[in-house]
Amino acid sequence: MAGAGRGHGNGATNGRSPRYSAWDLARRGLTGEAWPPAWRKHELRPSYDVVIIGGGVHGLATAHYLAANHGITDVAVLDKGYIGGGGSGRNTAILRSNYLTPEGIAFYDRSLELYRGLAADLNFNVMFSQRGHMTLAHNDASLRTMRWRAEVNKLVGVDSEVIDPDEVAKLVPRMDVSSEARYPILGALWHPPGGIIRHDAVVWGYARGADSRGVQIHQNTEVLGIDVVAGRVTGVQTSRGAVSAPIVVNCTAGWSSLISDMAGVEMPVHTFPLQAAVTEPVQPFLDPVVVSGTLHVYVSQTDRGELVFGASVDPFASYSTRGSLEFIEGLAGHVLQLMPSLHNLRLLRQWAGLCDMTPDYSPIMGPTPVEGFYVDVGWGTYGFKAGPVSGEQMAACIATGATPELIAPFALSRFAAGELVGEKGAAAVGH
Amino acid sequence: MITLSCPWCGPRNVTEFAYGGESGARPDPATATPQPWRRYLYTNANPAGPVTETWLHRAGCRRYLVVERDTTTNEILAIRRPGGAPSTSARHATTGRATEQRP
Ligand SMILES: Cc1cc2nc3c(=O)[nH]c(=O)nc-3n(C[C@H](O)[C@H](O)[C@H](O)COP(=O)(O)OP(=O)(O)OC[C@H]3O[C@@H](n4cnc5c(N)ncnc54)[C@H](O)[C@@H]3O)c2cc1C
Ligand SMILES: [Zn+2]
């Protein structure tokens, strides 16, 4: 079924969002005719075929592919806030597929493939910029891990290679590659297909795609409880009333263990805040995304010229999204060790989002011991790039009742079985 | 910055401490089967609200302490020595510099 619904371009029908085109832009510019909303508001119905909890990229992509690939349109996406208000609107939008395990690489590479065609598929400009992704090695141990990653990547067919400091300097002229640096750069893992994307546009594009196929998106609708009868899910209790549904999907990332608790499903998830920051805009000078695991920092330059900085998760678990001074101090110090010439730049803002960390830095996807209750969680600090493939595969899983091969390694049962998919070496800092 | 009041050293910045996670009873390694052992290793309550955890005063006395904390606000509810009663001066509100914005 995969990909069966790609490339649909619906015309304007029943108050749905019209197909965006240069012609329509010009026409509305001249006539002043308003744009209809890209997704609509609805009364909450008492029952749906599928209820998806969480209106981030995962929930919305799952809804979109359920409708587009499988014709399942009696679907509600419920979010307690606004769509994209969780990690999907707070991440640093790095996409890549140079993971460490063959399972991980194959999975994330399918996502990159879908991302490459997404703007055309959704008729929505998602601004995917494949500018290359570079992970620096400052010591022998990380250089070894990078060689290992590069070789596994090549075997699976992913463009990835280890480069030396001269090549690093050519790709990033501002970087301090001298041997005098506190942590000299010994080499880097270079992954040309990686890049950044406009995260909000991805969320809105999927919302519009799902809405135009009949999916209902309900914002400000909090799930307060999940009804389970004799080991089977029957519906959810929400702040707007009860909804019955034979299938309920948990796509709530940082809040996902709270939702699974409601269904009585135990999960090895620990919620940590992850912070990021952005500077004032400057002339474009930085092309690739640059990550340093040793310095716990990564940086990219947006199309507007702002530098986006990120790091590892906060040092203790929390559901609070407050920024901290110690984070920003540490971050600034590390950025300057990499690029001393940035010392005059001013930070515009910092923020935090919640990350559902798992013991092996891999997601938890598929069915659970409660029949009809599915999870697509454990997205930690790296789940935005997985939105399209997760939506596609979760939709197939729900529609066919069988777990697709691509997500089988990520089953909840792997923890009890002791079959972890260790991705820490490729996901701890470079999300 | 959050302040933790070490039962031995007094109030210190959180950056002096290492987070050890939720406190829980360890199954006996000699008799535990893989199932309860893996559950102990991987699964935790992850509550949004009060939780009891173990911390280490890494850059201080290097002793373990028990911290009760509200994970939604990071307010410290109580701090005590392992196995001991709560220390008296343990209530410290958070004073983190806050920005809650979207990228
Ligand atoms: C600072 C930062 C940087 C990151 N950088 C990257 C990166 O560069 N690349 C990358 O791939 N990933 C990155 N990530 C991770 C990525 O953002 C997440 O993994 C991803 O967005 C998760 O998407 P989601 O749809 O599963 O969840 P979310 O987008 O978090 O959505 C979950 C939704 O569930 C809703 N919800 C919660 N509880 C309830 C309830 N009871 N009832 C109804 N709705 C509820 C929330 O309101 C929320 O909207 C980063 C994360 C952060 C915080
Ligand atoms: Zn102490």
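Bear in mind that the values here come from a model prediction, so they are computed numbers and not experimental data. (Residues numbered from 1 in each chain as written. Chains lettered and ligands numbered in written order. Predicted model: local features only at pLDDT ≥ 70, side-chain atom pairs only at ≥ 80, totals over all residues. Heavy atoms only, no water.)

1. Focus on the overall build of chain B
Within chain B one finds one helix and six strands. When its helices and strands are written in sequence order, chain B yields β-β-β-α-β-β-β. For chain B, buried positions account for 33% of its 103 residues. Long-range contacts, defined here as pairs at least 24 residues apart, represent 40% of the contacts in chain B between residues at least 6 apart. Surface exposure of chain B reaches about 5,800 Å², of which carbon and sulfur atoms provide 49%. (Helix = DSSP H or I, 4+ residues; strand = E, 2+ residues; numbered from the N terminus. Buried < 20%, exposed > 50% of the residue type's maximum accessible area, 1.4 Å probe, protein only. Contact = heavy atoms within 4.5 Å. Areas by Shrake-Rupley, 256 points an atom, 1.4 Å probe, with all protein chains shown as cover.)

2. Re the sheet that holds strand β6 (residues 76-80) of chain B
All names here are of chain B. What the four strands build is an open sheet, ordered β3-β4-β5-β6; its pairing is antiparallel. Either end of the sheet is taken by a strand with one partner, and the two such strands are β3 (18-22) and β6. Neighbour to neighbour, the strand axes of the sheet diverge by 30 degrees on average, direction disregarded. One ladder, built from seven bridges, connects strand β4 (residues 50-56) with strand β5 (residues 64-70); its direction is antiparallel. Across the sheet, Thr 54 pairs through a bridge with Val 66, a residue of β5. (Pairing = 2+ DSSP bridges. Axes fitted to C-alpha atoms, helices over the stretch in contact; angles between N-to-C directions.)

3. Side note on the domain arrangement of chain A
Residue and element names in this part refer to chain A. Considered domain by domain, chain A is made up of domain 1 (22-91 + 199-269 + 360-427) and domain 2 (130-196 + 270-357). If you average the C-alpha positions of domain 1 and of domain 2, the two centres end up 29 Å apart. Each partner contributes residues to the interface: domain 1 has 17 residues there, and domain 2 has 15 residues. Three residues, Arg 90, Gly 254 and Val 269, lead the burial of domain 1 against domain 2; their summed loss comes to 40% of the area buried on that side. Here domain 1 and domain 2 share zero salt bridges between them. Linking domain 1 to domain 2 there are six residue pairs in polar contact (both at pLDDT 80 or more). Mapped onto the side of domain 1 that touches domain 2, the elements with two or more residues apiece are α8 (256-262) and α12 (424-427). The leading source of residues in the side of domain 1 that touches domain 2 is α8, at three residues. Residues belonging to the side of domain 1 that touches domain 2 are distributed by class as follows: nine nonpolar, seven polar and one charged. (Domains from an automatic or database assignment. Buried area = accessible area lost by both parts, 1.4 Å probe. Salt bridge = Lys/Arg side-chain N within 4 Å of Asp/Glu carboxyl O. Polar contact = N/O pair within 3.5 Å; in protein donor to acceptor, adjacent residues only side chain to side chain. Nonpolar A, V, L, I, M, F, W, Y, C, P; charged D, E, K, R; others polar.)

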